[in-house]
Amino acid sequence: MDTIENSIRDWWPSPAKLNLFLHILGRLDTGYHQLQSLFQMLDYGDRLAFDVKEDGIIAMATPLDGVSDEDNLIIRAAKLLKQHTNSKLGAIITLDKCLPMGGGIGGGSSNAATTLVALNVLWNTGLSTEMLAKLGLQLGADVPIFVHGHTAFAEGVGEKITPAPQEQETWYVVANPNVHISTAAIFGAEDLPRNTPPMSWSSYKFDKTRNDCQQLVEKSYPEVAKLLQWLVHYAPSRMTGTGACVFATFNDEATALKVKQLLPSQWSGFVAKGVNISPLIQKREEYLA
């Protein structure tokens, strides 16, 4: 058992998500894009631990390489909650990181949401889920999804959320081509499609949807295209978010694990189960029980 595991046992999950599809309906005057997407929660992700401090100091136990505190969504989330609630408490935060940065599976947004949810409990600040989600939106469009913690149909810039539980148990191979893609650069590209007609959630079918960012990313990042061409031989596959990670869907864990084992060595990946309720929400309910 590693050193972190020995020293800290009260971990809060920070799960990954997949965008099973991503349609871009248009661009708003604010610069944000009007989207529709199905956010699938996974049972796999990072985890964080919080050592509550009476002195009010907020800091990472170990700083993230190449990320200043000003740019760290974990620190920003903690400070935002502290400022909004006038809490006098602080926290030393430990991050056990396994999700790739810039992978399109929500790593940073999920970390921010876990920080808001966990510290709202540990600091006893008493904000509602809706209020935490509003705070989270200040940090990023995907943060409210993780705060609510349900597989959901999302609209607007991601803040309009309709729970969308999936009836069929699905397993995913999530593969990383090990390239970093800037979300801002993709959404700022002139040739990004921005005119997909809106759809109603009731008419959703995976094979009737797409990821409007995928063609642009494949053209700009050949490694993503190469990985998708490999993965689609085994199961229906698609890019998640703005990339770089891609996923394939399976009806059982055994088949997913077999395909993961075949993944060429230049790429990395993991197998995860799709869940309707985030592990973060389950942790919060267990903690408060």
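To be clear, the structure that these remarks concern was listed above.
Residues numbered from 1 in each chain as written. Predicted model: local features only at pLDDT ≥ 70, side-chain atom pairs only at ≥ 80, totals over all residues. Heavy atoms only, no water.

(A) Spatial organisation of unusual backbone geometry. A cis amide bond links G243 with the next residue in sequence, A244, at an omega value of 15°. Look at N86: it is not a glycine, yet its phi comes out positive at around 60°. Position of N86 among the secondary structure elements: in the loop between α2 (73-85) and β4 (90-96). Among the residues examined, N86 registers a relative accessible area of 59% and is labelled exposed. (Helix = DSSP H or I, 4+ residues; strand = E, 2+ residues; numbered from the N terminus. Buried < 20%, exposed > 50% of the residue type's maximum accessible area, 1.4 Å probe, protein only.)

(B) Up close: the environment of G90. Tracing the backbone shows G90 in strand β4. Among all residues touching G90, those that are not within four sequence positions of it are D51, V52, K53, G56, I57, I58 and W123. (Contact = heavy atoms within 4.5 Å.)

(C) Region of interest: the nonpolar core. With 38 residues, the main nonpolar core has L81, I93, L116 and V147 as its most contacted residues. Only β2 (33-53), β3 (58-60), α2, β4, α3 (107-122), α4 (129-137), α5 (143-148) and β5 (152-156) provide two or more residues apiece to this core. Among the elements that make up this core, the one with the highest residue count is α3 (seven residues). Filtering out sequence-adjacent residues up to four positions away, L81 remains in contact with L116, L119, N120, W123, T125, L127, L132 and L135. By size, the runner-up hydrophobic cluster in this structure holds 30 residues, among which are L227, A244, V246 and W267. (Core = buried A, V, L, I, M, F, W, Y, C linked by side-chain atoms within 4.5 Å.)

(D) Local environment of α2. Here α2 spans 18 Å end to end across 13 residues, near enough to the 18 Å set by a 1.5 Å rise per residue. Taken together, the buried positions of α2 are I74, I75, A77, A78, L80, L81 and K82. In this fold, the buried residues of α2 make contact with β2, β3, β4, α3 and α4. Its side-chain oxygen at 2.8 Å from the backbone nitrogen of I74, N72 defines the N-terminal cap of α2. Positive backbone phi, approximately 60°, marks N86, located one or two places after α2. (Expected span 1.5 Å × (residues − 1). Polar contact = N/O pair within 3.5 Å; in protein donor to acceptor, adjacent residues only side chain to side chain.)

(E) Quick peek at the packing of α3 against helix α10 (residues 279-288). Two elements in contact, α3 and α10, have axes separated by 11 Å at closest approach and are oriented at 5°. With respect to each other, α3 and α10 are oriented roughly parallel. Contacts between α3 and α10 involve A113, T114, V117, V121 and L122 on the former and, on the latter, L280, R284, Y287 and L288. Class assignment for the residues of the contact of α3 with α10 results in seven nonpolar, one polar and one charged. (Axes fitted to C-alpha atoms, helices over the stretch in contact; angles between N-to-C directions. Parallel < 35°, antiparallel > 145°, perpendicular 65-115°, else oblique. Nonpolar A, V, L, I, M, F, W, Y, C, P; charged D, E, K, R; others polar.)

(F) Representation of the packing of aromatic side chains. For the structure on display, the rule yields ten aromatic pairs. Where W201 meets Y204, the ring centres are 5.4 Å apart and the plane angle is 20°; that geometry is what we call stacked. By relative accessible area, which is 26% here, W201 ends up partly exposed. Under the relative-accessibility criterion, Y204 is labelled buried at 15%. Ring centres of W230 and Y234 lie 4.8 Å apart, and the angle between their planes is 50°; this geometry places the pair in the tilted category. W230 sits in the buried class, given a relative accessible area of 17%. Three or more aromatic residues link up through ring pairs in this structure, and these residues are F21, F153, W201 and Y204. Above the ring of W11, the side-chain terminus of R47 is found at 4.2 Å from the ring centroid. Sitting over the ring of W12, K283 keeps its end group 5.5 Å from the ring centre. (Phe/Tyr/Trp six-rings, centres within 6.5 Å; stacked < 30°, edge-to-face > 60°. Lys NZ or Arg CZ within 6 Å of the ring centre and 35° of its normal.)

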